[in-house]
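If you want the building blocks of each chain, they are given just below.
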Amino acid sequence: MNSGPVPTATIYCEGNFSQIDGKTANGLVRHSQAYRIASVIDSTLDGRDSGEVLGEIANGIPVLANLAMAAALHKDLPDTLIYGMAPSNGKLSAKDRSVVLDAIAYGMNIVSGLHEYLGDDPEIAAAAKSFDVTIRDIRKPRASKDMRLFDGSVAEVEAIRIAVLGTDCAIGKRTTATVLAKALNARGIKTVLVGTGQTGLMQGAKYGIAMDAVPPQFCCGELERVVVAAWEGERPDVILIEGQGALSHPAFCTSAFILRGCQPHAVILQHAPKRSHRCDFPDMAMPVPKSEISLIEAFADTKVIGVTINHEGMNLPDVDTAIRVYSHDLGLPVTDALLCPAENLVSMVLSAYPKLSALPVVAA
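Sequence order sets the numbering: in each chain, residues are counted from 1 along the sequence as written. Whole-chain, interface and lining totals are the exception, using all residues; otherwise, since this is a predicted model, local features are given only for residues with pLDDT of at least 70 and side-chain atom pairs are given and counted only at 80 or more. The basis for the side-chain values is all heavy atoms of the structure; hydrogens and waters are excluded.

(A) Representation of a nonpolar patch on the surface. Where nonpolar side chains cluster on the molecular surface, the patch consists of Leu316, Leu338 and Leu339 and spans about 260 Å² of accessible area. In this fold, Leu316 is placed in helix α11 (residues 316-330). The exposure class of Leu316 is exposed, given its relative accessible area of 52%. Like charges are joined within 9 Å and nonpolar side chains (Val, Leu, Ile, Met, Phe, Trp, Tyr) within 5 Å, but only among residues with over 30% relative accessible area and no salt bridge; these make up the patches. Where accessible areas are quoted, they stem from the Shrake-Rupley method and a 1.4 Å probe; at the residue level, only the protein chains shown are allowed to cover. Note on definitions: salt bridges are taken to be side-chain nitrogens of Lys or Arg within 4 Å of carboxyl oxygens of Asp or Glu. Numbering of helices and strands runs from the N terminus, with a helix taken as a DSSP run of H or I at least four residues long and a strand as a DSSP run of E at least two residues long. We call a residue buried when its accessible area falls under 20% of the maximum for its residue type, exposed when it is over 50%, and partly exposed in between, using a 1.4 Å probe and counting protein chains only.

What follows is the structure, encoded as structure tokens:
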């Protein structure tokens, strides 16, 4: 990231804000170093505060009906339109295309995490050139000639490596990792978060790759590359690696590449107790944490050191009960990254690695 002014952005998330397919927008509203989020576009929630929509405190970021309202509301039009959805097909709809073209006509840069690269689209690229704006395709990987294979150099990384995995996709792994990274740094435990998906990179992760856009042959090596770069560039005490998908999920292989590529010393597992089936797979039941933990520990030379709860569909008593039951049944610390104190997450790590508690505490 450069040291200049942080660009402003409006997030387009029509019909999906606070929903699973709106996870990119949800994450950016909660945390963004790369952009100052000015508004969210979703006509179904027009007039609401985005923080309150997410079930959190008001944040002053309004949800608006359309791009024209965003242009009228903000004294200075936001620099960027971020496509804030993650549709299962990874492609742009005809309606969304018109919004992107309208934003370009307003003079806004475009940021997209779709598998369909907007910069390669003749119509969109021509419009961007005409209005002198940029298109940033987050998921576009490095050229194949520049990709590298796994070579084992991650073994030379002395930082404790912790992967935040889950029992499903879109379950809160990145949010938990972000909260934990902030809390550890506040305790004087130098921590770097390595992003592995589009949202983390949009949020401003200094180190990361969009794993699901990398050819399988290079996934482990490319992740190893950025983990080694994070170690060499920062010399942190802890490196957190954002998870993707779930190791047990037959539609995704990314968790396997993450476990192989970063060789984590430990794993924190995110689970949604009230989620009955996998995202976008109504006939595929969710696994229980115990089975996922067994699979992870059989697949890789690592250990699960705690479980975190995604409280979708749950009230506070439900969360308290889930924490108590899982903690008893699994013999592990359990918490909710958003509803419980962040110190609970820190304690989870310190319980597994007590030597970290001896580090000097500095101001956040």
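Anyway, onward from the coordinates.
(B) Fine view of the layout of surface pockets. As a volume, the second largest pocket reaches approximately 480 Å³. Note on definitions: the grid is 1 Å and covers protein atoms alone; a cavity is a set of points where a 1.4 Å probe fits but cannot get out; a pocket is an open set with protein on both sides within 12 Å along at least five of seven lines; lining residues have an atom within 4 Å of a point. Lining the second largest pocket are 20 residues, and of these His31, Gln33, Leu193, Gly204 and Ala205 lie nearest its centre. Residue assignment for the lining of the second largest pocket shows that the elements contributing at least two residues are α6 (173-186), β8 (191-195) and α7 (198-203). Considering every element that reaches the lining of the second largest pocket, the biggest residue donor is α6, with five residues. Polar here means any residue other than Ala, Val, Leu, Ile, Met, Phe, Trp, Tyr, Cys and Pro, which are nonpolar, and Asp, Glu, Lys and Arg, which are charged; Gly is therefore polar. Residues that form the lining of the second largest pocket fall into these classes: six nonpolar, nine polar and five charged. Grid points are joined across faces, edges and corners, and a volume is the space filled by probe spheres set on the points.

(C) Structural detail: the sheet that holds strand β14 (residues 303-309). Note on pairing: two strands pair once DSSP finds at least 2 bridges between them. Across the sheet, seven strands lie side by side as β9-β8-β10-β7-β11-β14-β15; this open sheet has parallel pairing. The outermost strands of the open sheet, each flanked by one partner alone, are β9 (207-208) and β15 (334-335). In this sheet, strand β11 (residues 266-271) lies alongside strand β7 (residues 160-166) in parallel orientation, the contact comprising five bridges. What sits directly across from Ile162, in β11, is Ala266. Sheet strands in contact with α6 are β7, β8, β10 (238-242), β11 and β14, and its direction is about 160° off that of β8. Working rule for contacts: check all heavy atoms of both residues, and any pair within 4.5 Å makes them a contact. To get an axis, fit a line to the C-alpha atoms, keeping to the stretch in contact for a helix; angles then go from 0 to 180 degrees between the N-to-C directions. Its contacts with the sheet put helix α12 (residues 342-352) on β7, β11, β14 and β15, and the angle it makes with β14 is roughly 170°.

(D) Just the packing of aromatic side chains, in detail. Planes of paired rings set the category: under 30 degrees apart is stacked, over 60 is edge-to-face and the rest tilted, where pairs are Phe, Tyr or Trp rings (Trp by its six-membered ring) whose centres lie within 6.5 Å. The final tally for this structure, using the stated rule, is one aromatic pair. Placement of a positive charge over a ring is assigned whenever Lys NZ or Arg CZ falls within 6 Å of the ring centre and within 35 degrees of the normal to the ring plane. If you follow Arg260 out to its NZ or CZ, it ends over the ring of Phe299, 4.0 Å from the centre. The ring centre of Tyr353 lies 5.3 Å from the NZ or CZ of Lys303, which sits over that ring.

(E) Highlighting the pairing of β14. In terms of residue burial, β14 counts as a mostly covered element, since six of its seven residues are buried. By the bridge criterion, six bridges tie β11 to β14 in an arrangement that is parallel. Counted as the bridge partner of His271 is Ile309 from β14. Pairing geometry for β14 and β15, over two bridges, is parallel. When the bridges of β15 are listed, Thr308 appears paired with Thr335. Orient the strands so they point away from the viewer, and a crossover whose first-strand-to-second-strand path over the helix runs clockwise is right-handed. The β-α-β motif built from β14, the intervening α11 and the parallel element β15 has right-handed crossover chirality.

(F) Up close: the sheet that holds strand β3 (residues 63-64). Strands sit in the order β3-β2-β1-β4-β5-β6 across an open sheet of six strands; the sheet is parallel. Whereas interior strands pair on both sides, the edge strands pair on one side only; in this sheet they are β3 and β6 (135-137). Two elements, strand β1 (residues 8-12) and strand β2 (residues 36-41), share five bridges in a ladder whose sense is parallel. When the sheet's bridge partners are listed, Thr10 is paired in β2 with Ser39. Against the sheet, helix α1 (residues 23-30) contacts β1, β2 and β4 (80-83), and its axis sits at roughly 150° relative to β1. Contacts between helix α4 (residues 94-105) and the sheet are confined to β1, β4 and β5 (109-112), with β4 contributing the most and set at about 165° to the helix.

(G) Fine view of the pattern of salt bridges. As enumerated under the stated definition, the model contains 14 salt bridges in all. Across the pair Arg97 and Glu123 runs a salt bridge whose closest N-O atoms are separated by 2.9 Å. Note that Arg97 is positioned in helix α4 and Glu123 in helix α5 (residues 122-130), a separation of 26 residues in sequence. For Arg275, the salt bridge goes to Asp168, with nearest N and O atoms at 2.8 Å. Of this pair, Arg275 sits in the loop between β11 and β12 (277-278) while Asp168 sits in the loop between β7 and α6, placing them 107 residues apart in sequence. For the pair Arg275 and Asp168, a shared accessibility class is recorded, and that class is buried. Connected through shared salt-bridge partners, Arg97, Asp121 and Glu123 make up one network.

(H) Region of the structure containing the environment of Leu345. Along the chain, Leu345 turns up in helix α12. Linking Leu345 and Val288, residues 57 residues apart in sequence, is a C-alpha distance of 21 Å. In this view, Leu345 contacts Thr176, Val179, Leu180, Thr308, Thr335 and Ala337; residues no more than four positions away in its chain are not counted.

(I) View of unusual backbone geometry. One non-glycine residue, Ser18, adopts positive backbone phi at about 75°. Secondary-structure assignment places Ser18 in the loop between β1 and α1. Residue Ser18 is classed as partly exposed on the basis of its relative accessible area of 30%.

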